Amino acid sequence: MARTAKKRSVKAGLPPGTLVHIGEKTGEVPKIRIVTYSDKGSSVAEVEKPEDCPPLEKDTGGVTWVDIQGVTSPETMARLGEIYRLHPLLLEDIMNTDQRPKIDAYEDYLFLVIKTLSVNSAEKTLGAEQISLVLGRDFVLTFQECRSAILDPLVERLKTGAWRIGKSGADYLAYSLIDIIIDGYFSVLEQLGEWIDILEGEVVSSPTRKTLLSIQQLKREMIFLRRSVWPLREVAGSMERGESVFIQRATRVYLRDIYDHAVETIDTIETYRDMLSSMLDIYLSSVSNRLNEVMKVLTIISTIFIPLTFVAGLYGMNFEHMPELKWSWAYPAVLVLMALISACMVIYFKKKKWF
Amino acid sequence: MARTAKKRSVKAGLPPGTLVHIGEKTGEVPKIRIVTYSDKGSSVAEVEKPEDCPPLEKDTGGVTWVDIQGVTSPETMARLGEIYRLHPLLLEDIMNTDQRPKIDAYEDYLFLVIKTLSVNSAEKTLGAEQISLVLGRDFVLTFQECRSAILDPLVERLKTGAWRIGKSGADYLAYSLIDIIIDGYFSVLEQLGEWIDILEGEVVSSPTRKTLLSIQQLKREMIFLRRSVWPLREVAGSMERGESVFIQRATRVYLRDIYDHAVETIDTIETYRDMLSSMLDIYLSSVSNRLNEVMKVLTIISTIFIPLTFVAGLYGMNFEHMPELKWSWAYPAVLVLMALISACMVIYFKKKKWF
Amino acid sequence: MARTAKKRSVKAGLPPGTLVHIGEKTGEVPKIRIVTYSDKGSSVAEVEKPEDCPPLEKDTGGVTWVDIQGVTSPETMARLGEIYRLHPLLLEDIMNTDQRPKIDAYEDYLFLVIKTLSVNSAEKTLGAEQISLVLGRDFVLTFQECRSAILDPLVERLKTGAWRIGKSGADYLAYSLIDIIIDGYFSVLEQLGEWIDILEGEVVSSPTRKTLLSIQQLKREMIFLRRSVWPLREVAGSMERGESVFIQRATRVYLRDIYDHAVETIDTIETYRDMLSSMLDIYLSSVSNRLNEVMKVLTIISTIFIPLTFVAGLYGMNFEHMPELKWSWAYPAVLVLMALISACMVIYFKKKKWF
Amino acid sequence: MARTAKKRSVKAGLPPGTLVHIGEKTGEVPKIRIVTYSDKGSSVAEVEKPEDCPPLEKDTGGVTWVDIQGVTSPETMARLGEIYRLHPLLLEDIMNTDQRPKIDAYEDYLFLVIKTLSVNSAEKTLGAEQISLVLGRDFVLTFQECRSAILDPLVERLKTGAWRIGKSGADYLAYSLIDIIIDGYFSVLEQLGEWIDILEGEVVSSPTRKTLLSIQQLKREMIFLRRSVWPLREVAGSMERGESVFIQRATRVYLRDIYDHAVETIDTIETYRDMLSSMLDIYLSSVSNRLNEVMKVLTIISTIFIPLTFVAGLYGMNFEHMPELKWSWAYPAVLVLMALISACMVIYFKKKKWF
Amino acid sequence: MARTAKKRSVKAGLPPGTLVHIGEKTGEVPKIRIVTYSDKGSSVAEVEKPEDCPPLEKDTGGVTWVDIQGVTSPETMARLGEIYRLHPLLLEDIMNTDQRPKIDAYEDYLFLVIKTLSVNSAEKTLGAEQISLVLGRDFVLTFQECRSAILDPLVERLKTGAWRIGKSGADYLAYSLIDIIIDGYFSVLEQLGEWIDILEGEVVSSPTRKTLLSIQQLKREMIFLRRSVWPLREVAGSMERGESVFIQRATRVYLRDIYDHAVETIDTIETYRDMLSSMLDIYLSSVSNRLNEVMKVLTIISTIFIPLTFVAGLYGMNFEHMPELKWSWAYPAVLVLMALISACMVIYFKKKKWF
């Protein structure tokens, strides 16, 4: 997933409410699933065309959940918008899969945008898909960016009919959906935590330039992650404070749970960021340390041999009148002198703790 | 566009409300366009002099939009101020094109200052023009810093008469205007995103001092951009909260859309800033790394040859009593010794992982 | 204790309220202790199975405290939840020992999550155990992550019966419990302060790479500590503001005391973080300083001997026509020249204050 | 002007309300100017002694402005305090010219402290003088630290009598005074902007240690500037919100203008700070770059000549049995070998992009 | 004074309200001074034992001030607590001299904790003593950590009986006490300012490692200072907002003065911190600069002499067939060549601006 803004400009100049898909996948046929449940039981059906979606009836005593996977076709979206009387701006937001998580209160429903996160282990990057959720008095609509199995466990649980959502309304269903999505965040955080642990070992034992690039890439993923999760806190907080008529008192305690999860996720992200910053410091100091070590080797070798070479050069001069050259013990004496100079140097470096 | 404060001081000492143009372009004749529309239809006219602007009539059942392009002439502005009964401070703000985006509530109208952004691809800089917007009960005035085509799509849409602004009032027109301007921000962000992506590749593969200066320049443009966009959040937020009588309930949902766009723009700017900071870290560590590499080459060459040169110097001495010089196998032995010293050094460096 | 997120993902896809233990220790049999006291006296009992826990009776005039140590078994927790009518989400939070400190108001009780801290002196790391506290009108339940003696002093004080908790209600008992936990924080801070003092001496006198790693590790522990303590401020503040019916007016002055302690703990943590950052600066400048010193030694030796070696090399040339070679005073003159060059260099370095 | 705290301690131990001048200039005779205006006309007078100041009469239908320049004499201030019934703490604040800008509401008047800024172009420093302003229902008192002409344009405008302040009250006069002072800030910001632009050119093209010190000095002036301007935002905001009875509704729109100016000033200061920080980064990277360059030159020269010198040394050895020495083509062969070694090195450096 | 947390852990496990002295001095006999004043006059007395303290009588029409110096003895404190009916937690706070400044409202009095600051010029460190202040309707109690003369000027002023505190109540006395303490802060800030000025000169002209340690130590003192002063803002703000019945309306304007002083103190501390950070930057860049200089000297000397030494070595080779050796003008030609090489190098370095 690109980290810099893309494609949004195709909409410049178009009237507000024009439906244009902004995102990556196109051309996929949307999959539409309709789940209804009431005290009497539950049913799961799949329809082929948006035209086949049943309109919402009031006071049926049941809850209807329509799950649309794939939001790239403007026609489909316009059709669904008509059937469920959705505001044009809302449809625009659903199709623009580059949205920030948010909650908007409309007259007849609440509208939520949330991100599901996934990990690409090979490239060590994160991916995000957008799920839009419309919560009405007795219905929930979910719009997923593309086909995905993330909400399937909930469909299974609903199928059994024995689950206590049977006693609760659409708001509890919405909570269950959000809960599944946020539980997915923890897997992502664990994967990131593992990568950080590995990097940490690497940075202490044998840091290379590749380590630096990995740290920086992880930092960048954290920026991306934070951007996807941070607004969720606000969303959950606003829901919990119970400003909406679509959320019953009894469900609020569950929404508080979501708020807590969002806060914990953000907390962990901040901790990871701090840890990555610390690693960068260690890396940089490692580079300095290695430069130090290189310089020490050079300095030790140079300072030991340069004086010796000078002495050798001295007695390599061709002056005719150099009395030392004729003394028979001069050569061994010079060798001893050289040994002494070396010894002094070595002692000096030992004292300086250079080895 | 200059990034440091300019020209503002010409006003020091003048009484408040004195009209002085503060900005770049001067001497241009303003272009004035008058668009009216009601349930019955729409008309677009252009007038030559400010005197020809029709005064506002109340309860006509229609909406009037006067678009003035070019605000450099104090006389024109004073004339317009009289016709539309604008507060002197408001006129002063319009002519000072160095304003911060803001919203001011007057008794008879709302006053907004917004920036349109543009990209100078050649110099990799951003430009900003100021648009001032006065929103009354059934009229909208827009004052642009200079001639520009940015609002033309809206004029075209109004001309057709088929657009649903016909059913909405002046506040929806104002929203449409702001929407066009903010949509333009996304193009700018995409362009910036592209530059950042290119720079990122450069900083990882072959960073030069020019890369650093480019990073710094982009950072500077981000500061400028942020300063132009940040206050917009407040402006949109204040409009959405519906504190003004000039904005109808039905329009508020649209203003929330603008608020969301402003927040997203700011979010993206912050992300870009973080990415540029990371790049700076990578650049700096690259410089350190290269120094390390240079030093390693020097150290390897020096530490291999300095001892050898010493040995050569040793046997270049002219002592008469150096028995080795006469041994026939001495020369090859010394060569072997030198080879051994070199080998030791190479092994040492291999172990240190210096190559 | 791991610093990166762990194990949480086992819950992904499970329905909310499913009891799964998230934490480190498993398989331990929980220890359950029941303390009751009223104006007439106090009693302490221990039960083996959760089934033996007495249900709460209303209006007994006394206070019951049930202390459960070890929360790993879902069955036990479900059983306790039934006896004391605890909300499923609450039980979930208790078993997830990776919670952030928090306070949740339920209809029949207040629910608090707090951390107890401990120091592992050998590895210089911190540990945290979670204590969950349920405060009702006349009962207190405490759930500890594993067996620990931290609350024992309070049991001893209650046993004597002479303590003035006899006159106070369950809220005062809860306060006393929190007070004991927070008092433990100060020991941890003192231990950290000692380590920081030692590190500070080290970083000034003889910093090594190990010092750096210790600083970074302490910084990391501070991040962890802050994350455990920071939310407590909010918890204490919310209790003190008296938003709950379970806390009497008279107890609030004590809760203010807890709030003050939390603020002081956070203050101290921030101070330590600042100190560790300063140390890092000192360390890094030490590394630079040492590089400087190494380079100076190399430069001094090189610049003194390189010119001398050149002079020696000059008179080692084998040209036939070098008149100096024949002068009898040439050799001593060259030696004097070399001495002069050295002296100049030494004076130059003295002036530059290189030694 | 000193940037660190000074002289304030002379007041330690004295009772509150004791009048002691804290500031730089002393011994100057204060200049007192009295301006009155009403619907009938305006008059400007100058008095010599504070005793000659006319007491304030109520309901004269006019506005009186007393401008006192020079606040160093406790006697004068005490006298003025008596005439105009000023609170002792207010007098103390006026004489302590080291105040932070602030607004205090007293029962009979509003009290404002503002700073006027000036630029010392030679030393590239900023200066600040304090102006205290007392705003009553129909009078304004201004106390300037020393004689200055900053308010003279307003006196001139009042003299003409044709200015519309004639229709407005004391609050509009106060606004005009503050407006003049804040307009002066923009000149200061422009001057700073010019210095920053110059420094920026310098830091990119030829940074020296002097550049660094200039950047740091400007940063320091920004700290000082920010401290003088930042609280003004609060002051203007508090006035605009209209919490005082001394400010009429009609004047509030003007105060909003002042608030906007203050916010813009702060914005610009923050932008400058960011720009200076960027410059520091560029400077530091320049220093690193230059070190790199120096090292490269050393490394290139050394690694080319060290092996050559070794070869030359090799054949300078005095072994009797060195067959090569006798070959007639040996010398040219060695020269070719040396050329080859040099060429290899140069190619290696070219490949590494070291030139 | 230690900068890391100390001794607090002795209280872990003790019941809340247990009196234990936490601080540095012990064993001193407390000095108790009783000052009373009313419209009729004033009296100052000293008592030996806490038992001799007169109980507080209501409605005497006068104000009583009891000043206790030395709070180390639990018995004394318990006795005083009984006489003046002080809450056990309050007594605990007084004896724990490691408190954060704070204000607590009790039913019968306000409780304040403030710090007095002092400078240890020899070690360039700051010291802090705690003063606790209890303000009731007609009495003030002050508890000082140890004997000190800081409040003596107020006693002297009260003795004269002519001071206008005679007309004011206990709240004005409390204000006067706090005013004296805060006035003392300015002396400390001036002293710090002086040290900073000296360090600044040092860091620009001749920075050494000692300079760095001094900067770091001052930074550390700033952390300590900030921690002692920062909460005072909150304390003063809360008093000024007049939330307490113990503070009369007329006194509030004085408390605003204290608030202003606290804000100014904090402002100055922040400015100092910024200045110290700038100095650190300058220091670090100085170190880099010096390394640069050292490297330049090495590089200049090496690159000039290494080629010359090579040339000398070249003609020191012992090949039999080296025609140049026999040419009579060869030696002077080589000398000229060497001079040319040196000249080229020098010109190259001049162009690079290395000298």
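Residues numbered from 1 in each chain as written. Chains lettered and ligands numbered in written order. Predicted model: local features only at pLDDT ≥ 70, side-chain atom pairs only at ≥ 80, totals over all residues. Heavy atoms only, no water.

Draft legend 1. Seen up close, the overall build of chain A. In terms of regular secondary structure, chain A is built from seven helices and seven strands. Its C-alpha atoms give chain A a radius of gyration of 35 Å, clearly above 20 Å, the size a compact globule of 355 residues would have. Each principal axis of the C-alpha distribution contributes one length, and for chain A these read about 120 × 45 × 30 Å. Per-residue burial for chain A yields a buried fraction of 59% across its 355 residues. Element-wise, carbon and sulfur atoms account for 55% of the exposed surface of chain A, whose accessible area totals about 14,400 Å². The centroid of the 42 positive side-chain charges in chain A is displaced by 6 Å from the centroid of its 46 negative side-chain charges. (Helix = DSSP H or I, 4+ residues; strand = E, 2+ residues; numbered from the N terminus. Rg over C-alpha atoms; globule rule 2.2 N^0.38 Å. Buried < 20%, exposed > 50% of the residue type's maximum accessible area, 1.4 Å probe, protein only. Areas by Shrake-Rupley, 256 points an atom, 1.4 Å probe, with all protein chains shown as cover. Lys, Arg positive; Asp, Glu negative; His and termini not counted. Charge placed at Lys NZ, Arg CZ, Asp CG, Glu CD.)

Draft legend 2. Local environment of the interface of chain E and chain D. In this assembly, 68 residues from chain E lie in contact with 65 residues from chain D. For the pair chain E and chain D, the summed buried area comes to about 5,600 Å², and 61% of that belongs to carbon and sulfur atoms. The largest per-residue losses of area from chain E upon contact with chain D belong to Glu190(E), Phe310(E) and Phe319(E), which jointly make up 12% of the total buried on that side. Counting the contacts that link chain E with chain D gives six salt bridges. Linking Asp260(E) and Lys102(D) is a salt bridge whose minimum nitrogen-to-oxygen distance equals 2.4 Å. (Contact = heavy atoms within 4.5 Å. Buried area = accessible area lost by both parts, 1.4 Å probe. Salt bridge = Lys/Arg side-chain N within 4 Å of Asp/Glu carboxyl O.)

Draft legend 3. Up close: the layout of surface pockets. Each pocket or cavity is described by its volume, and for the second largest pocket that value is around 2,300 Å³. Of all the secondary-structure elements, those providing two or more residues to the lining of the second largest pocket are helix H6 (249-314) of chain A, helix H6 (249-314) of chain B, helix H6 (249-314) of chain C, helix H6 (249-314) of chain D together with helix H6 (249-314) of chain E. For the lining of the second largest pocket, a count of residues per class yields 20 nonpolar, 20 polar and nine charged. (1 Å grid on protein atoms, 1.4 Å probe; cavity = no way out; pocket = protein on both sides within 12 Å on 5 of 7 lines; lining within 4 Å. Points joined across faces, edges and corners; volume = space filled by probe spheres on them. Nonpolar A, V, L, I, M, F, W, Y, C, P; charged D, E, K, R; others polar.)

Draft legend 4. Structural view of helix H5 (residues 209-240) of chain B. The terminal C-alpha atoms of H5(B), which comprises 32 residues, lie 46 Å apart, in line with the 46 Å expected from a rise of 1.5 Å per residue. Arg226(B) marks where H5(B) bends most, by close to 30°. (Expected span 1.5 Å × (residues − 1). Bend = angle between axes of the 7 residues up to and from the residue.)

Draft legend 5. Structural context of the interface of chain A and chain C. Contact residues are listed per partner, giving 68 residues for chain A and 66 residues for chain C. Where chain A abuts chain C, roughly 5,600 Å² becomes buried across the two surfaces, and 60% of that area is made up of carbon and sulfur atoms. It is Glu190(A), Phe310(A) and Phe319(A) that lose the most area in chain A upon contact with chain C, and together they represent 12% of the buried surface on that side. Inspection of the region where chain A meets chain C yields six salt bridges. Across the salt bridge formed by Arg227(C) and Asp267(A), the nearest N and O atoms sit 4.0 Å from each other. There are 19 residue pairs in polar contact (both at pLDDT 80 or more) connecting chain A and chain C. For the side of chain A that touches chain C, the elements supplying multiple residues, two or more each, are helix H3 (152-160), helix H4 (170-205), H6 and helix H7 (330-351) of chain A. For the side of chain A that touches chain C, the element with the highest residue contribution is H6(A), accounting for 35 residues. (Polar contact = N/O pair within 3.5 Å; in protein donor to acceptor, adjacent residues only side chain to side chain.)

Draft legend 6. Structural detail: the relation of the copies chain A and chain C. Overlaying chain A on chain C yields an RMSD of 0.1 Å, the required transformation being a rotation through 72° with an accompanying axial translation of 0.0 Å. Such values leave the two copies arranged in the relation of a five-fold axis. Rotation axis and chain A: the residue whose C-alpha lies nearest the axis is Gly316(A), separated from it by 4.6 Å. When the interface residues of chain A are mapped onto chain C, a mere 15% of them again lie at the interface, so each copy presents a different face. (Least-squares fit on C-alpha atoms with pLDDT ≥ 70 in both.)

Draft legend 7. Representation of the pattern of salt bridges. The final tally for this structure, using the stated rule, is 68 salt bridges over all chains. In this structure, Glu51(D) and Arg79(D) form a salt bridge, with 3.7 Å as the shortest nitrogen-oxygen distance. Placement of the pair is Glu51(D) in the loop between strand E2 (41-47) and strand E3 (63-69) and Arg79(D) in helix H1 (residues 74-83), with a sequence separation of 28 residues. Residue classification places Glu51(D) among the partly exposed residues on the basis of a relative accessible area of 42%. Overall, the relative accessible area of 27% leaves Arg79(D) in the partly exposed class. Here the salt bridges share partners, and the residues they tie into one network are Asp93(A), Lys102(A), Asp104(A), Arg256(B) and Asp260(B).

Draft legend 8. Main features of the sheet that holds strand E2 (residues 41-47) of chain C. Residue and element names in this part refer to chain C. Overall, mixed pairing links the seven strands, which are arranged E2-E1-E3-E7-E6-E5-E4 in an open sheet. Every other strand in the sheet has two partners, leaving E2 and strand E4 (102-105) as the edge strands with one partner each. Adjacent strand axes in the sheet meet at a mean angle of 15° when their direction is disregarded. Where strand E1 (residues 31-38) lies against E2, seven bridges are found, and the strand directions are antiparallel. (Pairing = 2+ DSSP bridges. Axes fitted to C-alpha atoms, helices over the stretch in contact; angles between N-to-C directions.)

Draft legend 9. Representation of the relation of the copies chain E and chain D in the model. Between chain E and chain D, the superposition needs a rotation of 72° and an axial shift of 0.0 Å, giving an RMSD of 0.0 Å. In this assembly the copies use different faces: only 15% of the residues contributing to the interface of chain E also contribute to that of chain D.

Draft legend 10. Representation of the packing of aromatic side chains in the model. Tallied over the full model, the rule gives 50 aromatic pairs over all chains. Judged by centre distance (5.1 Å) and plane angle (90°), the rings of Tyr172(E) and Tyr254(E) are edge-to-face. Here the residue Tyr172(E) occupies a position in helix H4 (residues 170-205), and Tyr254(E) occupies one in helix H6, the gap between them amounting to 82 residues. The pair formed by Tyr172(E) and Tyr254(E) is uniform in burial state, with each residue classed as buried. Connected via pairs of aromatic rings, a cluster forms that spans Tyr172(A), Tyr175(A) and Tyr254(A). The aromatic ring of Trp230(B) is capped on one face by Arg226(B), whose charged end is 5.5 Å from the ring centroid. Above the face of the Tyr106(D) ring, Arg256(E) is positioned so that its terminal group lies 4.8 Å from the ring centre. (Phe/Tyr/Trp six-rings, centres within 6.5 Å; stacked < 30°, edge-to-face > 60°. Lys NZ or Arg CZ within 6 Å of the ring centre and 35° of its normal.)

Draft legend 11. Spatial organisation of the pairing of strand E5 (residues 110-120) of chain E. Residues and elements named next belong to chain E. Within E5, eight of the 11 residues are buried, leaving the element largely enclosed by the surrounding structure. Note that strand E4 (residues 102-105) and E5 share four bridges and pair antiparallel. Note that in E5 the partner of Ile103 across the bridge is Leu112. Bridge analysis of E5 against strand E6 (residues 125-135) gives 11 bridges, and the strand direction is antiparallel. Each bridged residue has a counterpart across the sheet, and for Thr116 the counterpart in E6 is Glu129.

Draft legend 12. Structural context of the side chain of Asn289(C). With respect to the element layout, Asn289(C) can be found in helix H6. The residues touching Asn289(C), leaving out its near neighbours within four places in the chain, are Arg209(E), Tyr283(E) and Val287(E).

Draft legend 13. Highlighting the packing of helix H5 (residues 209-240) of chain A against H6(A). Residues and elements named next belong to chain A. Closest axis-to-axis distance for the H5/H6 pair is 8 Å, and the angle between their directions is 160°. The angle between H5 and H6 places the two elements in the roughly antiparallel class. Pair H5 / H6 crosses with left-handed handedness. Split into classes, the residues belonging to the contact of H5 with H6 amount to 23 nonpolar, four polar and nine charged. (Parallel < 35°, antiparallel > 145°, perpendicular 65-115°, else oblique. Left-handed = near helix turned anticlockwise from the far one by under 90°.)

Draft legend 14. Structural context of the packing of H6(A) against H6(C). As a packed pair, H6(A) and H6(C) sit with axes 9 Å apart at the nearest point and diverge in direction by 20°. Overall, the two elements H6(A) and H6(C) adopt an arrangement that is roughly parallel. Judged by the twist between their axes, the crossing of H6(A) over H6(C) is left-handed.

Draft legend 15. Representation of the nonpolar core within the structure. With 135 residues, the main nonpolar core has Tyr315(A), Tyr315(B), Tyr315(C), Tyr315(D) and Tyr315(E) as its most contacted residues. Setting aside residues no more than four positions away along its own chain, Tyr315(E) makes contact with Met317(C), Asn318(C), Phe319(C), Tyr331(D), Met322(E), Glu324(E), Leu325(E) and Val334(E). Counting residues in each nonpolar core, the second largest holds 92 residues, with Leu110(C), Ile196(C), Ile34(E) and Leu80(E) among its members. (Core = buried A, V, L, I, M, F, W, Y, C linked by side-chain atoms within 4.5 Å.)

Draft legend 16. A look at the side chain of Ser286(E). Mapped onto the elements, Ser286(E) comes out in helix H6. Here Ser286(E) falls in the buried class, since its relative accessible area comes to 6%. Residues in contact with Ser286(E), not counting those within four places in the same chain, are Arg209(D), Val203(E) and Pro207(E).

Draft legend 17. Representation of the sheet that holds strand E7 (residues 139-144) of chain A. All names here are of chain A. One open sheet accounts for seven strands, arranged E2-E1-E3-E7-E6-E5-E4; its pairing is mixed. With partners counted over all chains shown, the strands left at the sheet margins are strand E2 (41-47) and strand E4 (102-105), one partner each. Direction aside, neighbouring strands of the sheet carry axes that sit 15° apart on average. Its contacts with the sheet place H4 against strand E1 (31-38), strand E3 (63-69), strand E5 (110-120), strand E6 (125-135) and E7, and it is angled at close to 30° to E5.

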